[in-house]
Amino acid sequence: MSTERPPDVEDRIDAAATAVGPLWPIHSFVTANPLSGFEHRPFAEAVERAEDLFGGRGYPSAETFRTALERGQIDPEILEETLAAAGYADDPEALLDRVADATDAGSDAGSGAGGSGATDRTDRVLCKWLSAFLAEGSAHWPMPDRDAGFYNAFREMSRHDAEIPDDGIVADLPETPTEAIETVLEPVSESRWVRVFEEQLAALPGWTGFIKRRAEDGPWGSAHPITLTGYLAVRLAVLDGFDADLDPSGEPGPAPDSDPGTTPDAATEIAEAFLSAWEASYRTELVERVAAESRSHAEREPSGRPDAQLVFCIDTRSEVIRRHIEAAGEYETHGYAGFFGVPMEYRGYGAEVSVDACPPILDPQHRIAETPTDEGVRRTHDRRRGLREAAGEAIETLKANAATAYGYIETAGSGYGLALAARTLVPGRVRDLLAAADDAVPDTHEFCEQTIDRADGGTDGLPIGLTLEQRVEYAATAFALMGIEEFGRLVVFAGHASETTNNPYDSSLDCGACAGNPGGPNARVLAAICDDEAVREELRARGIDVPHDTVFLAGQHNTTTDEIELYDNRVPESHAADLEGLRADLETARRGAASERVADMGAGAASAVRETERRAGDWAETRPEWGLAGNAGFVVGPRALTADLDLDGRSFLHSYDHATDPDGDALEAILTGPMVVTQWINAQYYFSTVDNSVYGSGSKVTQNPVGNVGVYQGNGGDLMGGLPLQSLTSGADELHHQPLRLSTVVHAPLDRVTDVLAANDGVAELLDNDWLSLTVVDPTREHRAFHYDEDLRWTPDSPVIAADPTARERSAVADD
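Here we summarise the structure given alongside this text. The shown structure was predicted, so the numbers you read here are calculated from the model rather than taken from an experiment.

With that settled, consider the pairing of strand S19 (residues 772–778). Counting buried residues in S19 gives 7 out of 7 residues, a clear majority hidden from the surface. Residues of S19 alternate between two faces, with Leu 772, Leu 774, Val 776 and Asp 778 on one and Ser 773, Thr 775 and Val 777 on the opposite face, all of them buried. As paired elements, strand S18 (residues 742–747) and S19 share 6 bridges and run parallel to each other. Directly across from Val 745, in S19, lies its bridge partner Thr 775. With 4 bridges connecting them, S19 and strand S20 (residues 784–788) associate as antiparallel partners. Residue pairing in the sheet places Thr 775 in a bridge with His 787 of S20. From the end of S19 to the start of S20, which pair antiparallel, there are 5 residues, and Glu 782 there has a positive phi angle of about 60°.

It is worth spelling out helix H19 (residues 520–530) at this point. Counting buried positions along H19 gives 11 out of 11 residues, so the element sits mostly inside the fold. Listing the buried residues of H19 in full gives Gly 520, Pro 521, Asn 522, Ala 523, Arg 524, Val 525, Leu 526, Ala 527, Ala 528, Ile 529 and Cys 530.

Read across the open sheet, the 5 strands follow the order S2-S1-S9-S10-S11; overall the sheet is mixed. Looking at which strands have only one partner, the edges of the open sheet turn out to be strand S2 (331–336) and strand S11 (564–567). Pairs of neighbouring strands in the sheet enclose a mean axial angle of 25°, with direction left out of account. On top of the sheet, helix H14 (residues 316–328) reaches strand S1 (308–313), S2, strand S9 (490–497), strand S10 (551–558) and S11; it is set at about 165° to S2, its chief contact.

Let's shift gears to the pattern of salt bridges. Taken as a whole and assessed by the stated rule, the structure comprises 54 salt bridges. As a salt-bridge pair, Arg 597 and Asp 562 come within 2.6 Å of each other at their nearest N and O atoms. Here Arg 597, found in helix H21 (residues 576–600), pairs with Asp 562, found in the loop between S10 and S11; they are 35 residues apart in sequence, far enough to count as distant. Taking relative accessible area as the criterion, Arg 597 reaches 16% and is therefore assigned buried. Here Arg 590 ties to Glu 587 by a salt bridge, and the two come within 3.8 Å at their closest N and O atoms. Within this pair, Arg 590 and its partner Glu 587 are both found in helix H21, separated by 3 residues, close to a single helical turn. Its relative accessible area of 5% is what places Arg 590 among the buried residues. Each of Arg 431, Glu 499, Glu 587, Arg 590, Arg 610 and Glu 613 takes part in a single network of salt bridges with overlapping partners.

With that settled, consider the side chain of Gln 556. Relative to the helices and strands, Gln 556 resides in strand S10. Judged by its relative accessible area of 18%, Gln 556 is buried. Look past the residues within four positions of Gln 556 in its chain and what remains in contact with it is Gly 495, His 496, Ala 497, Pro 518, Gly 519, Gly 520, Pro 521, Glu 563, Ile 564, Glu 565 and Tyr 567.

Before going further, it helps to spend a moment on unusual backbone geometry. Positive phi outside glycine occurs at His 783, with the angle close to 60°. Tracing the chain through its elements places His 783 in the loop between S19 and S20. Judged by its relative accessible area of 14%, His 783 falls in the buried class. Residues other than glycine seldom take positive phi values, yet Leu 792 does so here, at roughly 65°. Within the secondary structure, Leu 792 sits in the loop between S20 and strand S21 (794–796). For Leu 792, a relative accessible area of 16% gives the class buried.

With that settled, consider the packing of aromatic side chains. Here the structure, examined in full by the defined rule, presents 24 aromatic pairs. Geometrically, the ring pair formed by Phe 43 and Tyr 59 is edge-to-face, given 5.8 Å between the ring centres and 75° between the ring planes. Note that Phe 43 is positioned in helix H2 (residues 43–54) and Tyr 59 in the loop between H2 and helix H3 (62–70), a separation of 16 residues in sequence. Accessibility assignment for this pair places Phe 43 and Tyr 59 in one class, buried. It is Arg 741 that lies over the ring of Phe 43; its NZ or CZ is 4.5 Å from the centre.

Successive side chains on a regular strand alternate, one facing one side of the sheet and the next facing the other. Note that strand S14 (residues 703–706) and strand S15 (residues 710–713) share 4 bridges and pair antiparallel. Bridge pairing links Val 706 to Gly 710 in S15. Counted along the chain from S14 to the antiparallel partner S15, the turn is 3 residues long, and its residue Gly 707 has a positive phi close to 60°.

This brings us to the nonpolar core. Soluble, globular proteins show a tendency: their nonpolar side chains are buried together. Core analysis: the largest hydrophobic core is formed by 192 residues, its most contacted members being Phe 197, Phe 493 and Val 753. Look past the residues within four positions of Phe 493 in its chain and what remains in contact with it is Val 311, Phe 340, Ala 523, Leu 526, Ala 527, Cys 530, Phe 552, Leu 553, Ala 554 and Gly 555. Judged by nonpolar contacts, the second largest core, of 20 residues, contains Leu 310, Val 492, Leu 553 and Val 571.

Across the sheet, 6 strands lie side by side as S13-S12-S18-S19-S20-S21; this open sheet has mixed pairing. Each end of this open sheet is capped by a strand with a single partner; those strands are strand S13 (651–655) and S21. This sheet shows a mean twist of 20° between the axes of neighbouring strands, independent of strand direction. Examined bridge by bridge, strand S12 (residues 633–637) and S13 share 5 bridges and lie parallel to one another.

About the thresholds
- Residues numbered from 1 in each chain as written.
- Predicted model: local features only at pLDDT ≥ 70, side-chain atom pairs only at ≥ 80, totals over all residues.
- Heavy atoms only, no water.
- Buried < 20%, exposed > 50% of the residue type's maximum accessible area, 1.4 Å probe, protein only.
- Helix = DSSP H or I, 4+ residues; strand = E, 2+ residues; numbered from the N terminus.
- Pairing = 2+ DSSP bridges.
- Axes fitted to C-alpha atoms, helices over the stretch in contact; angles between N-to-C directions.
- Contact = heavy atoms within 4.5 Å.
- Salt bridge = Lys/Arg side-chain N within 4 Å of Asp/Glu carboxyl O.
- Phe/Tyr/Trp six-rings, centres within 6.5 Å; stacked < 30°, edge-to-face > 60°.
- Lys NZ or Arg CZ within 6 Å of the ring centre and 35° of its normal.
- Core = buried A, V, L, I, M, F, W, Y, C linked by side-chain atoms within 4.5 Å.

Okay, structure coming up:
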C-alpha cells in the first residue's frame, strides 16, 4: 500500500510555476531564457506549448527568413538539404508564403481571443497592487503593511480600493491564502487545478517571474515577503469577485478555415527547417575556420614570453577589443567567465546592500567587502561624495515635498531648462564635466582593500573571505581552465561594465556572469589572490610556477567606450615601464575597437572614441552600444584558434587547452557552467527578437520604469521581461541581431567531450532537445569536426572517422 502523500495546493502551484521562468529586477538584470521552464522538452514542442500559454511566436517570421536568404546568410544548398530531410521539395519562396499564410490565419483566429472582461479587470487591479508592494526603494510614500506579506497586506487594505468588487470571497478573505484558493476552486475538479494555476500564473508572466525570484532570496524578499501561493490566492479571489470562469481552457486546435498546406504543424516544420539551415550555414563557416586554424596551430612553434597577458570575460564584446590589443603589441589575451571563478556576495564601500557577483546558476560561497586602508584618501572620498549626496537628497526632498515643490520649480526652473538643453544638444561636453566631477572623488579601489583573508563573523552560513586552500584552488582552477602555463611580467584580469545615461536597462549591458553587475570587483579578488606570495608557494608545489617578476593586477573594460581602466596602485616601480607601455597600447586598441563599433552602428564620426563617449553620455540615446546583439557562437579552445580570425563580435570565447586537462575536469567545468550561461543569454536574445511584444520589452520610447524592478509598456500592465527593440534592431523592421540558437565549437578529443556529456545529463538534455548545437574539432583525429546528433551520437565530417576502430561504442560515430 502506497504511503505517498497526495499533492497539496503548494505542490500543485510548484508544478505549475515551472512554466514561467524567473525574472530578476532591472537594476540587476540577468539575461535568462524566458522558456527555461520548458528546457526539459524538445525545442519545437517547448515553443508550441509556450505559444499556447503566453501567445508568443517561437520561430522567426517568414519575412525574416526571406531577408536572410536574400543576404546570403542562409546557404541555398544547406537549405535544400534541410528542407528535403523534412519532406519539403517546393521552392523556398513558395514555402515561406505558406508559413506567412499560416501565421496570418493564426493571427485572425486569435484576434478576438484576448482576455475576458473579468480577466482584464483583474490584471489591472493586480498590476497596480504588485507594483506598489514590490517596489524596491523608489517610492517616496511606500505602501503600508508590506512587512506583513502581500496576502495579508491586500487582505487588510483591499476595502479601500474601489476597483475591487464587493462580491465573492474577495470581500472577506480567509486568514490563509491556501483557504482562499481551496474555496474559490471548490467547483473545479482537483485534477484540473494544476492547469488552472498554470494559466493564471502565465496571465502575467513578468510579475510571476519576478515573484518567483523575489521569493527565493534577497533582503527585499525577507523584508516584504510574497509567495506564489499568496499571489494566486489574491488573483483567484479577485477573479471570483468579477465572476470569472476559472475552468481551464482546453488545448488549442488548428486555425479555422485553413487548408492542409498552411496548417500550423506544416508551418512549424518549414520554419524549423529554415532556422536549422540558417544555423547550419553560420556554424559550417565557423567550424571550417576553427578547424583550419587547428591544423595550422599544430605546425607552429611556441611563441616566447608575452609582454603582458590580459584575461577578459568570454562576452562577445571582448572579442573585438582582444583582437585590437593583440595587434598593438606582443600581448596574449584569454577568455574566462567574467566572475573569474569566484562565486561571491559583494558589498562595495558605502553600498547599502550586497549583490550576488556570480552567475545565476551558482550560489555565492563567500562574502567579500571593501574596507578602507588609507584614512586620508577615505576622508577625502567621504567628504566629497557626502557633499554631492547631500545636495542630491536636498533637491529630491524639495521636489517631492508638497509644501515646497511649486516654489522650488519656480526658483530653479531656468537652471533646469539650461541643463536640459545642454544634456540634449551637447551631451559629450556634459559628460566631460560630470567625469571631471567624478574624478575629484577618489575611486574606492584607491583606498580600500577587499576582505580576501578568511575572518569570523559570517552569517547565514556564508563565510567572510576565503581560506588559503580556497584561494589556491581558485587560482589553480583559473590557470587550468585557460591552459596558461607561461606568465608574462604583467597579467591583467579585466572585468567589464557599461556606461550609459538615462537607461533603465543599464545593468543588462554589465557582466552577465556577475548577475548584471560590473566585473571589476571579481577581477580585483582574483588578482589579489594570485599576487599573494603564500598562494604562489602552494601553486609551485602543484607544478604551477609563477615567476617572481610576474605581477597580477585588475582592470575594467568599459564596453560602451572601449576604455580599459587599470587598477594599478599595487604595481611596483620595477614594472612602471611595462605599465606605461601597456597603457599606451590599450589606448591604441581602444581607438581601433571604437572605430569598428561605431561603423557597426552605422554612425559616421570624425573621432570614433568621441562618438562612443557621446553615446555613453547622451540621455536621449536609445542605443548606446549593441551589447551582445549578434551572438551566435561559443568557441572553447586555445586563443591561437581564433587569434587570426575576425569573428565580428558574434562569438563567446573561452580559453581552453586540452593538453593541460587530461582528466577533462576543466572541460566539464566549462560545459556545465559558461556554456549553460551563454545558452541562456543566446535564448533571451533569440526570443526577444522573434516576438518582442511577448518575450521582449518593446520600444524604449514608450517604456516606463516601475518601482526600480522593471518596465511597463505605456502606463501599466505586466512587467516586460526581455530586451528592448533598440537592442535588437537598427531601424524599423531592420534586424541587427540574427535570431539563431547557439552554436558551440569545442577543441578537444571527442571521447573526452562524450565523457563529460555522459556524466552530466542536464547538459546532454539541452543538446538532445535542440536548445543549442555542439561541434567538436578533435586535434587527435586529424583536426576533423564532429557534430552532435543526439543520445551521445556524433556525425563526422568524413567517412574516415566512421571506420576508426578506437571510436567508443557509446559515441556511436556514424557516417553521413
